Amino acid sequence: MRKGIAFAAVLMVFAACGRPHPADPGATRETVKLYRNLLALQSGGMMFGHQDALLYGYGWFYEEGRSDVKEVCGDYPAVCGWELGHLELGDSLSLDSVRFDKIRSLLTEAFLRGNVNTISWHLRNPLTGGSAWDVTSAETVRSLLPGGEKHSLFMDYLDKLAGFLLSLRTPGGTFIPVVFRPYHEHTGSWFWWGRNLCTADDYMALWRLTVTYLRETRGIHHLLYAYSTDRFTTREEYLERYPGDDLIDMVAFDLYDRGPGFPETLGNCAAIVSQIAKEKKKIAAVSETGGPIARQTDWWTAVLLKTLEPFDLSWVLVWRNPHNNPAAAFAPFKGHPSTADFLLFHDHPETLFLKDIAPLKLYR
Ligand code: BMA
């Protein structure tokens, strides 16, 4: 049986036993459907995602229909990741030199094909003018909140973000649902919103300000919001800065394989997050990962799949393949040494790619 057919049955069972709703009471019809379908699907399989999958890959940039993953296994990733850093400056190119109008058009195509889209935002530091990685001030988050010296500049950033999000519509006018994942990896301290750079209260206030502005002030109702930490060891640590069930739809974490102990840490984080998701009726995911795939060529099955298989996770997304640096690619590309193992990963009943999920019509 094709993977998708089994999951259609899961969806039907689910439809009969509950009607959970996204955090946004006004979420659009397609967004509500996506939320419910992702909730149902996470017990049946784990989608594979790739950051910037359709924009560029090793040795190419903007080539219609191309994807490194597709060239290896014959199918697109199920989840497409996109990045909006520098949108807040009013630039036409992102921090990764990608045109925002390309992001808009390819994200729209992905939606029409049945993909799930998720957006990250490495926004610049509004207080110092530095990058997202500028951690020279521990006052940045405080300065953005109401009454702070950079509040109005930050509202301008949010305004530019809102304008872009509102432009994500099909030719027929339907708003395209997106899983939005700002202020990520905040259990680490390498972004200006990180753990040692602001109090828990200020971090949560930043989230509330953002969601309230987008949802209530700008009337944006096609987003699911992802709370996404970096590594953590306990449930308490994971939830320390969780801004609230009324704001968050997905509980996720980022974790890269940086050497010994990775499978244990990954397994522990996945166990905690999937349990929290179950209790809160939220979606669970590994929102970013990547391993030493050029060296450890069976990483896909021996590490990633083996570790994550026991858990109910909606997806695992690997980070981007820079077009000019094969050693930094987190997904395989044509001729990659991990190809044989990636094919096993792709064929495994647990993993879902576009051909598995498109027939499920996740937005209906
Ligand atoms: C990081 C790196 C950076 C990139 C950023 C946003 O993890 O890949 O090179 O600018 O993500 O995509």
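Residues numbered from 1 in each chain as written. Predicted model: local features only at pLDDT ≥ 70, side-chain atom pairs only at ≥ 80, totals over all residues. Heavy atoms only, no water.

A. How the structure looks around helix 11 (residues 339-347). Buried within helix 11 we find Asp341, Phe342, Phe345 and His346. Each buried residue of helix 11 sits inside an arc of 145 degrees when the element is viewed along its axis, so together they form one side. What points out from helix 11, more than 90 degrees from its buried face, is the exposed set Ala340, Leu344 and Asp347. (Buried < 20%, exposed > 50% of the residue type's maximum accessible area, 1.4 Å probe, protein only. Helix = DSSP H or I, 4+ residues; strand = E, 2+ residues; numbered from the N terminus. Arc of directions from axis to C-beta.)

B. Up close: the packing of aromatic side chains. Under the criterion given, the structure shown has 29 aromatic pairs. Ring geometry for Phe48 and Trp300: centres 5.9 Å apart, planes at 75 degrees, overall edge-to-face. Remark: Trp300 occurs in helix 10 (residues 299-308) and Phe48 occurs in strand 1 (residues 46-51); sequence separation between them is 252 residues. One aromatic cluster is present, built from ring pairs that chain together Trp121, Trp133, Phe180, Tyr183, Phe191, Trp192, Trp193, Trp207 and Tyr225. (Phe/Tyr/Trp six-rings, centres within 6.5 Å; stacked < 30°, edge-to-face > 60°.)

C. Region of interest: the packing of helix 9 (residues 262-280) against helix 10. Put simply, helix 9 and helix 10 touch, their axes get as near as 8 Å, and they point 35 degrees apart. Seen from above, helix 9 lies across helix 10 with right-handed handedness. In contact with Phe262, Pro263, Leu266, Gly267 and Ala270 of helix 9, helix 10 contributes Trp299, Val303, Leu304, Thr307 and Leu308. Across the contact of helix 9 with helix 10, the residue classes tally to eight nonpolar, two polar and no charged. (Axes fitted to C-alpha atoms, helices over the stretch in contact; angles between N-to-C directions. Left-handed = near helix turned anticlockwise from the far one by under 90°. Contact = heavy atoms within 4.5 Å. Nonpolar A, V, L, I, M, F, W, Y, C, P; charged D, E, K, R; others polar.)

D. Structural detail: the site of the ligand. Contacts to the ligand come from Glu83, Leu95, Asp96, His122, Trp133, Trp319 and Arg320. Separating an oxygen atom of the ligand from a side-chain N or O atom of Trp319 is a distance of 3.0 Å. Between the ligand and Arg320, the relevant distance is 2.9 Å, taken from an oxygen atom to a side-chain nitrogen or oxygen of the residue. In the complex, the protein chains occlude 71% of the 310 Å² of accessible area that the ligand would expose alone. Residue classes in the shell around the ligand are distributed as three nonpolar, one polar and three charged. (Near = heavy atom within 4 Å. Polar contact = N/O pair within 3.5 Å; in protein donor to acceptor, adjacent residues only side chain to side chain. Areas by Shrake-Rupley, 256 points an atom, 1.4 Å probe, with all protein chains shown as cover.)

E. Broad picture of the pairing of strand 5 (residues 116-121). Of all six residues making up strand 5, six are buried, and the element is well covered by its neighbours. Side chains Val116, Thr118 and Ser120 project from strand 5 onto one buried face, and the interleaved Asn117, Ile119 and Trp121 project onto a second face that is buried too. Handedness of the β-α-β unit built from strand 4 (residues 79-83), helix 4 (residues 100-113) and strand 5 comes out right-handed. (Right-handed = clockwise from strand over helix to strand, strands pointing away.)

F. Geometry of the pattern of salt bridges. For the coordinates displayed, the defined rule picks out 17 salt bridges. With a closest N to O distance of 3.4 Å, Glu30 and Arg29 form a salt bridge. For Glu30, a relative accessible area of 15% corresponds to the buried category. Judged by its relative accessible area of 58%, Arg29 falls in the exposed class. Across the salt bridge formed by Arg235 and Glu279, the nearest N and O atoms sit 2.7 Å from each other. Here Arg235 is found in helix 8 (residues 235-239), whereas its partner Glu279 is found in helix 9, with 44 residues between them in sequence. You can call Arg235 partly exposed: its relative accessible area is 31%. We classify Glu279 as partly exposed; its relative accessible area is 45%. (Salt bridge = Lys/Arg side-chain N within 4 Å of Asp/Glu carboxyl O.)

G. Representation of the side chain of Asp257 in the model. Along the chain, the position of Asp257 falls in the loop between strand 8 (250-254) and helix 9. The buried charged residue Asp257 lacks any salt bridge partner; its closest oppositely charged side chain belongs to Arg295, at an N-O distance of 6.9 Å. A polar side-chain atom of Asp257 sits 3.0 Å from the main-chain amide nitrogen of Gly259. A distance of 2.8 Å separates a polar atom in the side chain of Asp257 from a polar atom in the side chain of Trp299. (Lys, Arg positive; Asp, Glu negative; His and termini not counted.)

H. Region of the structure containing the environment of Glu237. Tracing the sequence through the fold places Glu237 in helix 8. Relative accessible area serves as the criterion here: at 21%, Glu237 is assigned to the partly exposed category. Considered as a pair, Glu237 and Thr187 are 50 residues apart in the sequence and their alpha carbons are 8.2 Å apart. Here Glu237 is in contact with Thr187, Arg195, Arg231 and Phe232, once residues within four sequence places are set aside.

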